[in-house]
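Tertiary structure, described
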Amino acid sequence: MAEKLTHENAEASISQGVIVSMFHGVILDNQLKNKTLKSILSSIENPEKHALKLKRKSLLLTGISWFALMIVFFLHFQGFTGLYLLAISAFSGIAYGFVIYLDSARKQWQFIIPHIDIEAVKEEVLSDET
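Residues numbered from 1 in each chain as written. Predicted model: local features only at pLDDT ≥ 70, side-chain atom pairs only at ≥ 80, totals over all residues. Heavy atoms only, no water.

This part takes up the packing of helix H3 (residues 47-77) against helix H4 (residues 83-112). Where H3 meets H4, the axes come as close as 8 Å, and the angle between the chain directions of the two elements is 160°. By the angle between their axes, H3 is roughly antiparallel relative to H4. Between H3 and H4 lies a crossing of left-handed hand. (Axes fitted to C-alpha atoms, helices over the stretch in contact; angles between N-to-C directions. Helix = DSSP H or I, 4+ residues; strand = E, 2+ residues; numbered from the N terminus. Parallel < 35°, antiparallel > 145°, perpendicular 65-115°, else oblique. Left-handed = near helix turned anticlockwise from the far one by under 90°.)

The structure is reproduced here in structure tokens:
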């Protein structure tokens, strides 16, 4: 069963190599776990590159979201009706939700880094590769 990740147990969980999926408490398979750990290491070693990558994704999704919303308004004022307007609006909202997620992840990353035991993560990556 997955435990709630708090400030007190965050370092212990990472240092023990416990990566828990957010989907119903299922433990990730080894390949995905190894990919996740490598991504964490890359993000720690290059925080500027990580922040830039998140910012680029955020800007792309923002543009897509606003473009979809403009299409909805344009079609609505042209007199079109139908479920496709609802579908495009929902897509726009979901895309903008990801923008909010990426922006918050980018801003919070600097506060998460000190609580990660980098050496334990490196050992876990090396032990999974062999």
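Additional details are given in the paragraphs that follow.
Next up on the list: the side chain of His50. Within the secondary structure, His50 is located in helix H3. Of the residues examined, His50 reaches a relative accessible area of 14% and is grouped as buried. Those residues in contact with His50 that lie beyond four places of it in its chain are Ser43 and Trp109. (Buried < 20%, exposed > 50% of the residue type's maximum accessible area, 1.4 Å probe, protein only. Contact = heavy atoms within 4.5 Å.)

Moving on to the confidence of the model for the protein. On average, residues of the protein score 81 in pLDDT, and 78% of them reach the 70 mark or higher. Averaged over each element, pLDDT in the protein is lowest for helix H1 (residues 7-15) (51) and highest for H3 (94). Long-range and interchain partners of residues 14-24, a stretch whose pLDDT sits below 50, account for 22 contacts in this model, where long-range means more than four residues apart. (pLDDT = per-residue confidence, 0-100.)

By size, the foremost hydrophobic cluster in this structure holds 8 residues: Leu37, Ile40, Leu41, Ile44, Trp109, Ile116, Val121 and Val125. Of all elements in the fold, only helix H2 (30-45) and helix H5 (118-129) reach the threshold of two or more residues within this core. Ranked by the residues each element gives to this core, the list is headed by H2, at 4 residues. In this structure Ile44 touches Trp109, Ile113, Ile116 and Ile118, once residues within four positions along its chain are discounted. (Core = buried A, V, L, I, M, F, W, Y, C linked by side-chain atoms within 4.5 Å.)

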